[in-house]
Amino acid sequence: MVVFKEQLKQRIVQILKEKAKQKGIDPEGVREENLVVENPPKSDLGDLAIPFFPFARSFRMPPAALSALVGESFGEGLPLGVERYNVVGPYLNIFLKRPFVTELLFQKVRQEGDRFGSSDILRSKKIMLEFSSPNTNKPLHLGHLRNDALGESVARILRFSGAVVRTVDLINDRGIHICKSMLAYKELGGGRTPEDEGMKSDHFVGKYYVLYNELAKRDPEAEDRARALLVKWEEGDPEVRSLWEKMNRWAVEGIKRTYERTGIHFDQFTFESEVYLKGKEEILKGLSQGIFYREADGSIWVNLEDIGLDRKVLLRSDGTSIYVTQDIGTAISRYNDWPFDTMIYVVASEQNYHFKVLFSILERLGYGWAKNLYHLSYGMVNLPEGKMKSREGTVVDADDLLDELAEMAREEIRGKEREEEVGNIEETAEKIALGALHYYLLQPSPSKDMVFNPRESLSFTGNTGPYIQYTGARICSMMRKLEGMPRLKERQGEPKHLETEEEWELVKLLFDFPSVVELSASTYNPSLVANYLYEISKSFSRYYHEHPILYAEDPQVAASRVELSRCVLQVLRNGMYLLNIPFLEVM
Ligand code: ARG
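Residues numbered from 1 in each chain as written. Predicted model: local features only at pLDDT ≥ 70, side-chain atom pairs only at ≥ 80, totals over all residues. Heavy atoms only, no water.

(A) Summary view of the overall build of the protein chain. The helix and strand inventory of the protein chain stands at 23 helices and 13 strands. Along the three orthogonal principal directions, the C-alpha set of the protein chain runs to about 85 × 70 × 40 Å. Taking all 587 residues of the protein chain together, 54% fall into the buried category. In the protein chain, once contacts between residues fewer than 6 apart in sequence are set aside, the share between residues at least 24 apart is 73%. Put simply, the protein chain shows about 26400 Å² of open surface, and 48% of that area lies on carbon and sulfur atoms. Placing the 76 positive and 89 negative side-chain charges of the protein chain at their respective mean positions leaves the two points 3 Å apart. (Helix = DSSP H or I, 4+ residues; strand = E, 2+ residues; numbered from the N terminus. Buried < 20%, exposed > 50% of the residue type's maximum accessible area, 1.4 Å probe, protein only. Contact = heavy atoms within 4.5 Å. Areas by Shrake-Rupley, 256 points an atom, 1.4 Å probe, with all protein chains shown as cover. Lys, Arg positive; Asp, Glu negative; His and termini not counted. Charge placed at Lys NZ, Arg CZ, Asp CG, Glu CD.)

So this is what it looks like as structure tokens:
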């Protein structure tokens, strides 16, 4: 929160508390969190607006009377940065001292630079963030791209807000689906390697998963042979294990290359094969404590019907492992290894039920920290043509999609005849592709299903990543020109020379950045930052079209406009970093 907003809030709370005391009302009832500072819909209504509805009941006064009362109580000493106020019904509208606020912005951005927008609202909170968590039978697909975009961005936003974050990738490297790719390779692979076929290694593995599905259609016994492989794997059969190791290495290596390409980082990789047995002990413990019950066939269950969920099996009589049981073990060992304040699972909404069950079981087992587990659920991503399919092998492959986007971005650069300015076309196109992808995936709120439209995501105008990149590049180009204008370059900007409404709108918007980041950190929602960057870009473009900056007649005005543009540039940079959208100096 920005200083003068904070001080304004405190002053109003203080006034309300005093008034409460005078009226014999408990001042503790005046809660600071009920006091909201809004941005009025129209600027002639003021720069900030405070509604008094939340206090009307305890004061037994109409909100309009309260707003008037608070306004009058300011008396001579208006709060810091406040020029004047206006009482409009239940609202107290505040007009700020423009030069004062603008100077504060200039100072803050100059001082904080890359840290502008950061805060310590999560200071030293330990947050573990699991995301991506692919399976090693095939490469990453479009759904993973949304998962990865969310996970990486949330990690950056949380760190920017002071948290100590550990990102973990739980690689699902065991189970029947893995054995299916293994079986197809064993029977049809002829010992070939990814190098032999010039294929990226995870795609090579994925090819055998597709081949397995074709095989299973012709040969109904294929499934039995895959199961037999799983049994052998569990027994530790050396031959099966070595095939498994080889194929997993291929899969994981390839997947890691995609992470590298997309700027995704993990602090820790965990493999399900190393942790999947851990839950079983907990289940037996729970059984002896009467938290779970045993069926006649020997299987162990939990009954969650009292909280509106089902009965759920936790240990089968044949001892084969169960997804939720595995997650119980994983959660406990994670906590023991790194006692977190919060643990976030970024996993698709298909698994909402799974996480409800998981969290309730951990609570029943008496783990106090279970209440700090959070499922960051996100919706499905489809392509315009229809749903992504996986079993048939027509899944939208992440690498292929990235290649296609990069190719389209290259066309865009050529079509606009920007080859010469851009210089390195390959690199620029790749960055535009990533910007397009990440912005498009992060812009809607996480829980919503969405359609990914590659063509639309790459548009240089409208609500897209490239539009935001372009706004940044345009300011950079202006700054390069400034280098050749030494007299202007040396002049200091001064707030009093910024007199247009567009400038004031920009100043206010820029000042909102820290609160936007705070809100996105506390709600794990990068879309707030995305939409905010779009607002900034639109606002700047409008300004740029309507007013000359470098070539403003009065050099004082020009220098001040340059300074304001520099603030826009900094906020774009910082915001783009938080969304993992590459910044481009030229495009
Ligand atoms: N590998 C799983 C899948 O593809 C996702 C794992 C989610 N994480 C977890 N802790 N259960 O469906």
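(B) Representation of the pairing of strand E5 (residues 164–171). Among the eight residues that make up E5, six are buried, leaving the element largely enclosed by the rest of the structure. Relative to E5, strand E4 (residues 126–130) is paired through five bridges, and the arrangement is parallel. For Met128, the partnering residue across the bridge sits in E5 and is Arg166. The pairing of E5 with strand E6 (residues 268–271) spans four bridges and is classified as parallel. Bridge pairing in E6 links Leu170 to Thr270. (Pairing = 2+ DSSP bridges.)

(C) Spatial organisation of the site of the ligand. Close contacts around the ligand come from Glu130, Ser133, Asn135, Leu170, Asn172, Tyr323, Asp327, Tyr345, Val347, Gln351 and Phe355, and that covers them all. Contact distances for the ligand include 2.6 Å between a nitrogen atom and a side-chain N or O atom of Asp327. (Near = heavy atom within 4 Å. Polar contact = N/O pair within 3.5 Å; in protein donor to acceptor, adjacent residues only side chain to side chain.)

(D) Highlighting empty space enclosed by the protein. Applying the stated criterion across every chain yields a total of three cavities of 30 Å³ or more. Approximately 60 Å³ is the volume attributed to the largest cavity. What lines the largest cavity is simply Arg98, Thr102, Pro495, Leu498, Glu499, Thr500, Glu503, Trp504 and Val507. Those elements that place two or more of their residues in the lining of the largest cavity are helix H4 (98–112) and helix H21 (501–523). In terms of residue count, H21 provides more of the lining of the largest cavity than any other element does, three residues in total. Tallied by class, residues from the lining of the largest cavity come to four nonpolar, two polar and three charged. (1 Å grid on protein atoms, 1.4 Å probe; cavity = no way out; pocket = protein on both sides within 12 Å on 5 of 7 lines; lining within 4 Å. Points joined across faces, edges and corners; volume = space filled by probe spheres on them. Nonpolar A, V, L, I, M, F, W, Y, C, P; charged D, E, K, R; others polar.)

(E) Structural context of unusual backbone geometry. Positive phi outside glycine occurs at Arg60, with the angle close to 50°. Within the secondary structure, Arg60 is located in the loop between helix H2 (53–59) and helix H3 (63–74). Although it is not a glycine, Ser133 adopts a positive phi angle of roughly 40°. Take Ser133: it is sitting in the loop between E4 and helix H5 (142–160).

(F) Structural view of the sheet that holds strand E7 (residues 293–294). Overall, antiparallel pairing links the three strands, which are arranged E7-E8-E9 in an open sheet. The sheet is open, and its two edges are formed by E7 and strand E9 (311–315), each paired on a single side. Helix H12 (residues 278–288) contacts E7, strand E8 (300–303) and E9 of the sheet and is inclined by roughly 120° relative to E9. (Axes fitted to C-alpha atoms, helices over the stretch in contact; angles between N-to-C directions.)

(G) Examining the sheet that holds strand E3 (residues 91–96) more closely. Here we have three strands laid out as an open sheet, ordered E1-E3-E2, and antiparallel in their pairing. Where the open sheet ends on each side, the last strands, each with one partner, are strand E1 (48–51) and strand E2 (82–88). Pairwise comparison of adjacent strand axes, ignoring direction, gives a mean angle of 20° for this sheet. Where E2 and E3 come together, six bridges link them in antiparallel fashion. Pairing of Val82 across the sheet is with Leu96, part of E3. Those strands touched by H3 are E2 and E3, and its axis lies near 35° from that of E3.

(H) Structural view of the side chain of Lys508. In this fold, Lys508 is placed in helix H21. Here the side chain of Lys508 touches Asp47 through a polar contact of 3.1 Å, side chain to side chain. Those residues in contact with Lys508, other than ones at most four positions away along the chain, are Ser43, Gly46 and Asp47.

(I) Looking closely at the pattern of salt bridges. On inspection of all chains with the given rule, the structure shows 35 salt bridges. Note that Arg110 is salt-bridged to Glu563, the shortest N-O span being 3.1 Å. Here Arg110, found in helix H4, pairs with Glu563, found in helix H23 (residues 555–579); they are 453 residues apart in sequence, far enough to count as distant. Residue Arg225 is joined to Glu187 by a salt bridge in which the shortest nitrogen-to-oxygen separation is 2.7 Å. Of the two residues, Arg225 sits in helix H9 (residues 222–235) while Glu187 sits in helix H6 (residues 176–188), which places them 38 residues apart along the sequence. Given a relative accessible area of 28%, Arg225 falls into the partly exposed group. The exposure class assigned to Glu187 is partly exposed, which follows from its relative accessible area of 36%. Among the charged side chains, a network of salt bridges with common partners joins Asp47, Glu505 and Lys508. (Salt bridge = Lys/Arg side-chain N within 4 Å of Asp/Glu carboxyl O.)

(J) Fine view of the packing of aromatic side chains. Across all of its chains, the model carries 29 aromatic pairs by this definition. Ring centres of Tyr185 and Tyr208 lie 5.1 Å apart, and the angle between their planes is 85°; this geometry places the pair in the edge-to-face category. Of this pair, Tyr185 sits in helix H6 while Tyr208 sits in helix H8 (residues 201–218); the two residues are 23 residues apart in sequence, bridging distant segments of the chain. By relative accessible area, which is 4% here, Tyr185 ends up buried. (Phe/Tyr/Trp six-rings, centres within 6.5 Å; stacked < 30°, edge-to-face > 60°.)

(K) H5, seen in detail. The end-to-end C-alpha distance of H5, which contains 19 residues, comes to 27 Å, matching closely the 27 Å that a straight helix rising 1.5 Å per residue would cover. Summarising burial for H5: 18 of the 19 residues are buried, a large majority. (Expected span 1.5 Å × (residues − 1).)

(L) The state of the cysteines, seen in detail. Under the counting rule described, the total for this entry stands at zero disulfides. With no disulfide partner, Cys476 has as its closest neighbouring cysteine sulfur the one in Cys567, 14 Å distant. (Disulfide = S-S within 2.5 Å.)

(M) View of the nonpolar core. Ile12, Leu16, Phe52, Phe59, Ile94, Leu158 and Phe452 are the most contacted members of the largest nonpolar core, which totals 131 residues. No other element matches the 13 residues that H23 contributes to this core. When residues no more than four places from it in sequence are discounted, the contact partners of Ile94 are Leu8, Gly46, Asp47, Leu48, Ile50, Phe74, Val82, Arg84 and Tyr85. Grouped together as the second largest cluster of nonpolar side chains are 33 residues, Leu287, Leu309, Trp338 and Tyr367 included. (Core = buried A, V, L, I, M, F, W, Y, C linked by side-chain atoms within 4.5 Å.)

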